[in-house]
Each structure stands twice: as C-alpha cells, then as structure tokens.
Amino acid sequence: METAPGERRVALLPESVRAVADLGLTVLVQSGAGALCFRSDTGYREAGAGIVRLDELLDRSDVLVGVRPPNLPAGRSLRRGQVVIALLDPLHMPFRVRGWADGGVTAVGLDLAPENSVLARPMDAIASQGRLAGYKAALLAADHLDRPLPDTAGAAPGPAHALVLGTDDTALAAAETLRRLGAEVRTGDAGPRGPWGAGRLIGTDLIVTAVRPRRGRPPPVLVTASDLADMRPGAVVVDTAAGPDGGNVEGVEAESSSTVGGGVTLFGAGRLPEGIPVAASTAYAGNVSALLEYLVRDGELWIDADDPVQKAMLVTHDSLVHAQDVWQLILEQTAVAGLP
C-alpha cells in the first residue's frame, strides 16, 4: 500500500510479486499504488496479485508493506495483530508508535536494519536507497556546475575538484560517480571540521555531503557559512542529509536550492531516490522480499524479539515499544505534556 503524499516509490513491483507469493503469501495491492512508478494494476494482476481498494486492503491484510508509514482515512485504525513494514523513522513520530503499541500492532522498520550484520544486509533499505542518492547527488552537482567535470577540449583549466564528505553507501556512490564523470575527487570522514576546514575549500568546485544523523540527533554540520564563502562563485554543494532537523551544511533548507556565499549553489537534497522511482522501487522491493523471506516460516510470519536482526528492526510488538530510544522519547514527551 502507498498513502504518503508525494511518494513516487512503491514497496513491491509486479516483477517482485512472485518472489513474495512463493513464500506462501497471498499478495494484495492497493489500486493505483504503482501508478507514479509506471506500473499498472494490470501488470500486478498478471503477476498474480489481487487489486483492491484501500478499505479492503486494510480489512484483509495481515501484513501491510509500504515505503512510508500508512496514513489512514479518518475513522480507520490498524487492527490488533496486524504487521506494518515500512521506512518508519520512529523518533519523528513517537506518539503514533505508542498508538501502535497500545493497539497491538507490530511495526518493523526497513530503515533500522543493523549495519554490521551480514544477515541484515539484504534488508537494509537505508543502504540501498543511499547508493541511489549518492548517484543522483553526483549528477545533480555536475548538472549545475558552471564548467564540465573533465577538462573537455580546453574548456576548463583542468578537471573539476570535488569533495565528498561521509563514509556510507551514499558517499561511496557519489564519489564513484563523480570519478566516472571525470572529476578529481577527495573524500573525508565525518569528523567535525576535519582536514577540509579552515580555508581548505578554496579551489573546490563541488561538494557532496552524506553524513546521516545518529538516531535522535540532528545531522552534524560539516560545512559552515564561512566555508562556503571560501568557495568560488559557480561552485555547487549538494547536502544529501538535509531534512527537517537541518543538514550537513549550515543554513541548508530541505528540498530547496539557494545561492549562498559569493555565488555558490546549495541544494538541500535529502529525498533524491524518489526522483528515480523505478530504480528506487526495485531496490526497495528487494529489501522487502529479503525481510519477508527471513520472517516467513511455512507461510506464517515469525516474530522473535530476541533474534538479533529483528531486535534492531522491531519497533512495536506484543503491545510494547521495543525501540528503547523511542520509548524514552515517549516518556519524556509524556512527562512534559502531563499525560498519563
């Protein structure tokens, strides 16, 4: 199902329906769910899925899979025992999480897969979407730079100089793409200021930042306003960590572009995978299929809060909030509001 406004990705494509059905599950798809991803109801039907309206989907489904958490119609709620699988970002919706726990809903976050687990790697949606974000960030920067990245027929004084900040899949993909496009690429880790600060950005043509926040904290600021002032007019900065809590660049605004410093173009670009919905949906559907393959035993869902992979990804189950940082936030906000 897909109910989040503006979301173009879909959790399952027709070509991934069969893999889920082979687990012994019946697949139902909300009518029109794949439209923004260029996938028709007919395609899903031919792949073996049933096409139903949202009300019927909510009534019949034991497991609800989406890219974003479901936005339900007024008067509707999830029923006890239903399972929700999505990119949950639970720290940004603690009271919805508490509502799920109180209502006996099991919630599993594909954005919470443990990073260092070999078993969880195929389920890690942050990694799969991050690789696409890095690729798109590199293209966005190259497209808006005032010169070609390689020195094309003497059009520029040597190749463009790029800096990629971060060490995760987004940063690696951005650096790799920029190199393929002909830029000279430096990389840095997530240390505050690091070796790129204090005037070291002079001569840098473009920057991609990709240091995600730790859970519950805003992203670390790696590039300050004074850093931007050191960059030449016409340079480009793409902040892939930009969101409602800020980003890696001082003053960045989510999903917007602005001219800063002495003429530097700054992009707050935290939702880049949504711009390539087919590729992003294909990657995400692979994560969904891997998680379901891990959870389904003889056609039944197996939930075990003590399993190390599930322990990291399980947000609510058996009327409890299992994500401890979310539960702590709920307690703190409840105390402030004076609620029981």
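Small disclaimer: the values here were computed from a predicted structure and weren't measured.

(A) Seen up close, the sheet that holds strand β5 (residues 106-109). Reading across the sheet, the five strands line up as β3-β4-β5-β14-β15 and stay open at both edges, with mixed pairing between neighbours. Looking at strand neighbours, the two that pair on one side only are β3 (63-65) and β15 (320-321), the edges of this open sheet. One ladder, built from two bridges, connects strand β14 (residues 314-317) with β15; its direction is antiparallel. Across the sheet, residue His 317 finds its bridge partner in β15, namely Leu 320. Where helix α4 (residues 94-102) meets the sheet, its contacts fall on β5, β14 and β15, and the angle it forms with β14 comes to roughly 40°.

(B) Geometry of the packing of aromatic side chains. Applying the stated criterion across every chain, the model contains one aromatic pair. The interplanar angle of 50° and the centroid separation of 6.1 Å between the aromatic rings of Tyr 294 and Trp 302 together place this pair among those described as tilted. Here Trp 302 falls in the partly exposed class, since its relative accessible area comes to 29%.

(C) Spotlight on the sheet that holds strand β10 (residues 256-260). Sheet architecture is open: six strands sit in the order β7-β6-β8-β9-β11-β10, paired in mixed fashion. Either end of the sheet is taken by a strand with one partner, and the two such strands are β7 (184-188) and β10. In this sheet, adjacent strand axes meet at a mean angle of 15° when their direction is disregarded. Relative to strand β11 (residues 264-268), β10 is paired through five bridges, and the arrangement is antiparallel. Residue pairing for β11: Thr 259 is matched across the bridge by Thr 265. Together, β8 (206-209), β9 (236-239) and β11 form the strand contacts of helix α5 (residues 125-144), whose direction differs from that of β9 by roughly 155°. Packing against the sheet, helix α6 (residues 169-180) makes contact with β6 (161-165), β7 and β8, and its axis sits at approximately 170° to β6.

(D) Representation of the pattern of salt bridges within the structure. Tallied over the entire structure, the rule returns 19 salt bridges. With its nearest N and O atoms 3.0 Å apart, the salt bridge here joins Asp 169 to Arg 121. In this pair, Asp 169 sits in helix α6 while Arg 121 sits in the loop between β5 and α5, placing the two residues 48 residues apart along the sequence. Here Arg 212 ties to Asp 168 by a salt bridge, and the two come within 3.9 Å at their closest N and O atoms. You can see Arg 212 sitting in the loop between β8 and α7 (225-230) and its partner Asp 168 sitting in the loop between β6 and α6, a full 44 residues away along the chain. When its relative accessible area of 40% is taken as the criterion, Arg 212 is described as partly exposed.

(E) Structural view of the environment of Pro 70. Structurally, Pro 70 is set in the loop between β3 and β4 (83-86). With a relative accessible area of 10%, Pro 70 lands in the buried category. Here the alpha-carbon distance between Pro 70 and Ala 235, two residues 165 residues apart in the chain, equals 40 Å.

Rules behind the numbers
Residues numbered from 1 in each chain as written. Predicted model: local features only at pLDDT ≥ 70, side-chain atom pairs only at ≥ 80, totals over all residues. Heavy atoms only, no water. Pairing = 2+ DSSP bridges. Helix = DSSP H or I, 4+ residues; strand = E, 2+ residues; numbered from the N terminus. Contact = heavy atoms within 4.5 Å. Axes fitted to C-alpha atoms, helices over the stretch in contact; angles between N-to-C directions. Phe/Tyr/Trp six-rings, centres within 6.5 Å; stacked < 30°, edge-to-face > 60°. Buried < 20%, exposed > 50% of the residue type's maximum accessible area, 1.4 Å probe, protein only. Salt bridge = Lys/Arg side-chain N within 4 Å of Asp/Glu carboxyl O.

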